[in-house]
Amino acid sequence: MRHVYLDNNATTPIDPAVLERMIPFFRDDFGNAASIHTYGQKARAAVEEARQAVAELIHASPSDIVFTSGGTEADNLAVRGVADQRRTQGNHVITTQIEHPAVLRTCEALERESLHVTYLGVDRDGRLSMDELREAVRPETILISVMHANNEVGSIQPLAEIGSLARRKGIVFHTDAVQSFGKIPVDVEELNVDLLSISSHKLHGPKGVGALYLRPDVPLQPMMLGGSHERRRRAGTENVPGIVGLGGAAQRAAEEMEDFGARVRGLRDRLEQGILEAIPDTVVNGGTDQRMPHVSNVSFPGLEGEALLIALDFQGVAVSTGAACSSGSLQPSHVLQAMKLERSRIQSAIRFSLSRMTTAEDVDYVLEVLAGTVERMREMTTRKVR
């Protein structure tokens, strides 16, 4: 049985070249990057080299990069850090209903602390309305947080327009770019963002490390208190092997981005076309334009998405029904609900997410087993109804 992994939005396999770069910092160059002796200097040099690689990929200055334990911490630091710092200037935050839980749960916590949060809806393509955003802005609005690319359907938001509006109004603008970083061009100046969150393990890097881009003139209240690490913006001994891995993954992404955009998009389109042609009544969720090249969210009405996921897993195909961070939840996808899709589409949705390691043979195998699996499961469902 062939094994095919198409759940890369949950996590990606580590790039062997990235792993090789990390190994010496577990074994030989194990120094604390805050130490001034030779061991520490080697570690510090590696951290700063990685900082440079991350900064270059988003056209930022290395001094604007703060290393974290991952995307969740970066989101928390951005949203809560700005809200806590600017409480005397306003008490209103704007976000969307389709954000990652790291943003949504943080906003809910702020609401319990007497801040007001507006959760903007999206259209059936998963995109927000700029008119609704403009109407939501108040004199007391201090922060707008809108993700760059959605992790479930791949929809890309108009960050440059949002950032331009925020800048004119004197509002801090944060984006969760975990799913777009290293896969499509991201330029913090062109997108007008003040803070931007990234994660290593979505990019063939190691788990447990991420970063936050922070524009120099944006004040931020630290969450982690202790030493003077990361220019006093995030205390704690740096995860040197992880940071080295993130830097290596960023460099590899810069080298492979053109291939990712063309080849992986071609594979994604081949997968979608094959599904739509071979399996009746299937539908792709999310628009065809302004969508990430590696994500396909497809509904198979008449089936339960989780049952189809398990059936595919038995045949060596790994997919998901939504975000990994929501796995085990009995609630339907909050993203598809926000898009106001029909119940049958929400319950039968499967997310296929590819990576630059995905091959044409992988796609062909998925198409080979998927059609027969859906047909058998639909027949079984029909018999039960009778």
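The rules behind the values
Residues numbered from 1 in each chain as written. Predicted model: local features only at pLDDT ≥ 70, side-chain atom pairs only at ≥ 80, totals over all residues. Heavy atoms only, no water. Helix = DSSP H or I, 4+ residues; strand = E, 2+ residues; numbered from the N terminus. Pairing = 2+ DSSP bridges. Axes fitted to C-alpha atoms, helices over the stretch in contact; angles between N-to-C directions. Contact = heavy atoms within 4.5 Å. Expected span 1.5 Å × (residues − 1). Buried < 20%, exposed > 50% of the residue type's maximum accessible area, 1.4 Å probe, protein only. Parallel < 35°, antiparallel > 145°, perpendicular 65-115°, else oblique. Left-handed = near helix turned anticlockwise from the far one by under 90°. Nonpolar A, V, L, I, M, F, W, Y, C, P; charged D, E, K, R; others polar. Arc of directions from axis to C-beta. Salt bridge = Lys/Arg side-chain N within 4 Å of Asp/Glu carboxyl O. Polar contact = N/O pair within 3.5 Å; in protein donor to acceptor, adjacent residues only side chain to side chain.

Q: I would appreciate a short explanation of unusual backbone geometry in the present structure.
A: Among all residues save glycine, negative phi is the norm, and among peptide bonds the norm is trans. Of note, the phi angle at His 204 is positive, near 65 degrees, even though the residue is not glycine. Despite not being glycine, Asp 281 shows a phi value in the positive range, around 65 degrees. Considering the arrangement of structural elements, one finds Asp 281 in the loop between helix H9 (240–278) and strand S9 (283–285).

Q: Help me understand the sheet that holds strand S7 (residues 195–199), please; the structure alone is not making it clear to me.
A: What holds strands together in a sheet is hydrogen bonding between their backbones, with the strands either parallel or antiparallel. Across the sheet, seven strands lie side by side as S2-S8-S7-S6-S5-S3-S4; this open sheet has mixed pairing. Each edge of the open sheet carries a strand with a single partner, namely strand S2 (65–68) and strand S4 (116–120). Taken over all neighbouring pairs, the strand axes of this sheet differ in orientation by 20 degrees on average, direction set aside. Two elements, S2 and strand S8 (residues 210–214), share four bridges in a ladder whose sense is antiparallel. The residue bridging Thr 68 from the neighbouring strand is Gly 210, located in S8. Strand contacts of helix H5 (residues 101–111): strand S3 (92–96), S4, strand S5 (141–145) and strand S6 (172–176), with the helix running at about 145 degrees to S4, the strand carrying the most contacts. Contacts between helix H7 (residues 159–169) and the sheet are confined to S5 and S6, with S6 contributing the most and set at about 155 degrees to the helix.

Q: I would appreciate a short explanation of the sheet that holds strand S12 (residues 349–353) in the present structure.
A: With antiparallel pairing, the three strands of this open sheet are ordered in space as S9-S10-S12. The open sheet terminates on both sides in strands that have one partner only, identified here as S9 and S12. When strand polarity is set aside, the average angle formed by the axes of neighbouring strands in this sheet is 35 degrees. For strand S10 (residues 295–299) and S12, the ladder comprises five bridges, and the chain directions are antiparallel. Residue Asn 297 lies in a different strand from S12, and its bridge partner there is Arg 351. In the packing of H9 onto the sheet, the strands contacted are S9, S10 and S12, and the crossing angle to S10 comes to about 10 degrees.

Q: How should helix H4 (residues 71–85) be read in this particular structure?
A: Over its 15 residues, H4 runs 21 Å from end to end, which matches the ideal 21 Å to within 8%, given 1.5 Å per residue. Of all 15 residues making up H4, eleven are buried, and the element is well covered by its neighbours. Among the residues of H4, Gly 71, Glu 73, Ala 74, Asp 75, Leu 77, Ala 78, Val 79, Arg 80, Gly 81, Val 82 and Ala 83 are the ones counted as buried. Tucked inside the fold, the buried residues of H4 contact S2, H5, S5, S6, S7 and S8.

Q: Help me understand the packing of H4 against H5 in this model?
A: For the pair H4 and H5, the least separation of the axes is 9 Å and the interaxial angle reads 30 degrees. Between H4 and H5, the angle falls in the class roughly parallel. The hand of the H4/H5 crossing is right-handed. Within the contact between the two elements, H4 uses Thr 72, Asp 75, Asn 76, Val 79, Arg 80 and Ala 83 and H5 uses Ala 102, Val 103, Thr 106, Cys 107, Ala 109 and Leu 110. Here the residues of the contact of H4 with H5 sort into seven nonpolar, three polar and two charged.

Q: I keep staring at H7 and nothing clicks. Help me out?
A: Residues separated by three or four positions in an α-helix point in the same direction, a consequence of the helix having 3.6 residues per turn. Every buried residue of H7 is listed here: Leu 159, Ile 162, Gly 163, Leu 165 and Ala 166. Seen along its axis, H7 keeps its buried residues to an arc of 160 degrees; they face one direction. After H7 finishes, the residue Gly 170 shows a positive phi value of roughly 70 degrees.

Q: Just to check I follow, could you spell out the packing of helix H3 (residues 38–57) against H9 for this structure?
A: Helix-helix packing is described using two parameters, namely the angle between the two axes and the distance between the axes. Two elements in contact, H3 and H9, have axes whose closest approach is 8 Å; the angle formed by their N-to-C orientations is 35 degrees. Crossing handedness for the pair H3 and H9: left-handed. Counted together, Ala 43, Ala 46, Val 47, Glu 49, Ala 50, Ala 53, Val 54 and Leu 57 of H3 and Val 240, Ile 243, Val 244, Leu 246, Gly 247, Ala 250, Gln 251, Ala 253, Ala 254 and Met 257 of H9 form the full contact between these two elements. Of the residues belonging to the contact of H3 with H9, the class tally is 15 nonpolar, two polar and one charged.

Q: For this particular structure, what's the right way to read the pattern of salt bridges?
A: Opposite charge on two side chains makes pairing possible when the charged atoms of those side chains draw close. The tally for this structure, following the rule as stated, stands at 31 salt bridges. Here Arg 105 and Glu 108 are joined by a salt bridge, their closest N and O atoms 2.9 Å apart. Residue Arg 105 and its partner Glu 108 are located together in helix H5, separated by three residues, close to a single helical turn. With relative accessibility at 29%, the residue Glu 108 sits in the partly exposed group. Its salt-bridge partner being Glu 272, residue Arg 268 comes within 4.0 Å of it at the nearest N-O pair. A residue pair is termed a helical-turn pair when its members lie 3 or 4 positions apart in one helix, as Arg 268 and Glu 272 do in helix H9 at four residues.

Q: How should I be thinking about the environment of Leu 196 in this particular structure?
A: For Leu 196, the position within the fold is in strand S7. Judged by its relative accessible area of 1%, Leu 196 falls in the buried class. Residues in contact with Leu 196, not counting those within four places in the same chain, are His 174, Thr 175, Ala 177, Val 186, Val 188, Ala 211, Leu 212 and Tyr 213.

Q: Quick question: what am I supposed to make of the side chain of Thr 11 here?
A: Here Thr 11 lies in the loop between strand S1 (4–5) and helix H1 (16–22). A polar side-chain atom of Thr 11 sits 2.8 Å from a polar atom in the side chain of His 201.

Q: How do you make sense of the environment of Ala 45 when you look at a structure like this?
A: Structurally, the position occupied by Ala 45 is in helix H3. Judged by relative accessible area, which is 46%, Ala 45 ranks as partly exposed.

Q: For this particular structure, what's the right way to read the environment of Ala 78?
A: Here Ala 78 lies in helix H4. Owing to a relative accessible area of 0%, Ala 78 belongs among the buried residues under this scheme. The sequence separation of Ala 78 and Asp 289 amounts to 211 residues, and the corresponding C-alpha distance is 29 Å.

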